[in-house]
Amino acid sequence: MENVTINSDLLELDNIFDKLDFLLSEYDYNPKLVMQLKLAVEEIFTNICNYAYDDKDGMVVLSLETNPSPLSITIKFEDHGSYFNPLDISNPDTNLTAEEREIGGLGIFLVKKNVDEIQYENIDGKNVLTIKKHLI
Amino acid sequence: MNCFIMILLIKNLIMFITYGVYFMEIKKVQDEKKLTVLLEGKLDTNTAPELDEELKTSLDGIEDLIFDFNDLQYISSSGLRVLLATQKTMNKQGAMKIINVNDFIMEVFDATGFIDVMDIE
C-alpha cells in the first residue's frame with residue numbers, strides 16, 4: 001500500500017501516472033486495462049481539482065494498493081473539500097444527437113465504465129472515493 | 001511587456017523540459033476548404049485546452065474537417081468535450097470525421113455514444 005499526498009493541481013496528474021507505472025512495473029498486466037485505469041484516475045482527479053476546493057488549492061490523499069493474484073489495484077481518493085458523491089450524478093443520455101448532447105457529465109460516466117468496483121463514503125467530513133480494477 | 005513575454009517563454013520552456021514527453025503535438029494540413037488535424041500523444045485534461053485554442057482560429061471557412069488519430073494514444077472526457085464542441089461547429093458549416101482511431105479510443109467513443117454522434121473510422 002502506498003500513500004501519496006498531493007495538491008489538487010491538474011499538473012500533478014502525470015506524477016500520479018508515474019507512481020502508478022512504478023507500482024505496476026514488477027507485474028505482468030494487460031496494458032489496455034491499465035490505460036482504462038488511468039482514464040478513470042484522470043476523471044476522478046480532474047473532478048476533485050475542479051470542484052472540491054472551489055478556487056483554492058487543497059490536499060488530496062491517494063492510497064494505492066496492488067493485490068497480486070490475480071493482479072488488481074485498489075485506489076482510494078480522499079479530499080476534505082465540499083461534499084461530492086460522484087455516484088449521485090446521473091449518466092448522460094448517450095442516445096442524443098450532437099446538438100442535444102450536453103458538453104459535461106462524461107467524466108464520472110467514464111469512471112463507472114472503466115472500473116470493476118466503485119464506492120463512495122463520507123468519513124469525518126472527507127470525501128472518500130474507492131475504485132478497484134482487475135489488471136489481467 | 002517584454003518582461004511578461006520573457007516570463008511566459010521561460011515558463012513554457014520549463015513546462016516543456018519537465019513535461020515534454022507528455023505534451024501533445026498538433027499538425028495541421030490545409031487544402032483550401034479541407035483541414036486535416038493530426039494529433040500525436042495524449043488528448044487529456046492538460047492537453048485538451050491546447051487543441052481547443054488551436055481550433056478556435058483554424059475553422060473559419062473550413063467545410064471538411066478531418067482528425068487523424070493515427071498517433072494519438074489516449075483520450076479522456078476533456079478531449080471528448082473539445083471534439084463535441086467542434087462537431088457542433090462543423091455541423092453548421094460542413095462535415096467532420098475522425099480517422100485511424102485506436103482500440104482504446106474507439107471503446108471510449110463507443111461507451112459514451114460518441115460513435116453515433118460522430119463520423120469515426
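Quick note: structure is the one above.
Residues numbered from 1 in each chain as written. Chains lettered and ligands numbered in written order. Predicted model: local features only at pLDDT ≥ 70, side-chain atom pairs only at ≥ 80, totals over all residues.

A few words now on the overall build of chain A. When helices and strands are counted, chain A shows three helices and five strands. Secondary structure elements of chain A occur, N-terminal to C-terminal, as β-α-α-β-β-α-β-β. The C-alpha radius of gyration of chain A comes to 15 Å, within 12% of the 14 Å expected for a compact globule of 136 residues. When the backbone C-alpha atoms are referred to their principal axes, chain A occupies close to 45 × 35 × 25 Å. Of the contacts made within chain A by residues no fewer than 6 positions apart, 69% connect residues no fewer than 24 positions apart. (Helix = DSSP H or I, 4+ residues; strand = E, 2+ residues; numbered from the N terminus. Rg over C-alpha atoms; globule rule 2.2 N^0.38 Å. Contact = placed C-beta atoms within 7 Å.)

Along the backbone of chain B there are five helices and five strands. Reading chain B from its N terminus to its C terminus gives the helix and strand order α-β-β-α-β-α-β-α-α-β. Within chain B, buried positions represent 32% of all 121 residues. (Buried ≥ 20, exposed ≤ 12 C-beta atoms within 10 Å, placed from the backbone.)

What follows deals with the interface of chain B and chain A. Facing the 22 residues of chain B at the interface are 22 residues of chain A. Breaking the side of chain B that touches chain A down by element, the ones donating at least two residues are helix H3 (77-93) and helix H4 (103-111) of chain B. Residue composition of the side of chain B that touches chain A, grouped by class: 10 nonpolar, eight polar and four charged. (Nonpolar A, V, L, I, M, F, W, Y, C, P; charged D, E, K, R; others polar.)

The terminal C-alpha atoms of helix H2 (residues 31-52) of chain A, which comprises 22 residues, lie 31 Å apart, in line with the 32 Å expected from a rise of 1.5 Å per residue. Asp54 of chain A, located one to two residues past H2 of chain A, shows a positive phi value of around 50°. (Expected span 1.5 Å × (residues − 1).)

Residue and element names in this part refer to chain A. Counting residues in hydrophobic clusters, the biggest one holds 51 residues, and the most contacted among them are Ala40 and Ile44. The greatest single-element share of this core, amounting to nine residues, is contributed by H2. Beyond its immediate stretch of four places on either side in the chain, Ala40 contacts Leu110, Val111, Asn114, Val115 and Ile131. (Core = buried A, V, L, I, M, F, W, Y, C linked by C-beta atoms within 7 Å.)

All names here are of chain B. An order of E1-E2-E3-E4-E5 is seen for the five strands of this open sheet, with the pairing classed as mixed. In the strand order of this sheet, the two ends are held by strand E1 (25-31) and strand E5 (119-120), each with one partner. In the sheet, strand E2 (residues 34-43) pairs with strand E3 (residues 64-75) via nine bridges, with the strands oriented parallel. What sits directly across from Lys34, in E3, is Asp64. (Pairing = 2+ DSSP bridges.)

Function cannot be inferred from these measures alone, as they are strictly geometric.
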